Structures are given as C-alpha cells and as structure tokens.
Amino acid sequence: MKFLGALVRALHCTIGITPPPAEQESLFVFVWFGIGMFLVAGFVFLLYLPSLLR
C-alpha cells in the first residue's frame, strides 16, 4: 500500500494537484483505483456496444 501511496503522491505532484495528507493516502489510492476501473468499464462497454446494436 505504501508503494501505491507513493505512486498517487507522484501522480498528484506531476499533474499539479496538492498531494494527499499521509493519513489519507489509502483513501486516495482507492479513489484513483475506482476512477481507473470506471474508465476501463466504459472502454469495454464502448467495445461491446456495436454488438448490442445489431
């Protein structure tokens, strides 16, 4: 979890967002994980959509 927290902190610093406080890093890791899963699910849905429209 510490590695993922460091990645989230680096991501925030890279895109110019204030890094999360140390006590809330796990929350931010889960939020970014959820955002990533939402994007993947949306992409999979877009790939599946043409077969639904047939």
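Basis of the calculations
Residues numbered from 1 in each chain as written. Predicted model: local features only at pLDDT ≥ 70, side-chain atom pairs only at ≥ 80, totals over all residues. Heavy atoms only, no water. Helix = DSSP H or I, 4+ residues; strand = E, 2+ residues; numbered from the N terminus. Expected span 1.5 Å × (residues − 1). Buried < 20%, exposed > 50% of the residue type's maximum accessible area, 1.4 Å probe, protein only. Arc of directions from axis to C-beta. Contact = heavy atoms within 4.5 Å.

**Considering helix α1 (residues 2-15)**
The end-to-end C-alpha distance of α1 is 20 Å, a good match for the 20 Å that 14 residues give at a rise of 1.5 Å each. When we look at burial in α1, the residues that qualify are G5, V8 and H12. The buried side chains of α1 occupy one side of the element, clustering within an arc of 60° when seen end-on. Of the residues in α1, the exposed ones pointing more than 90 degrees away from the buried face are F3 and T14. Contacts from the buried residues of α1 go to α2 (25-52). Backbone geometry just downstream of α1 places G16 in the positive-phi region, at approximately 85°.

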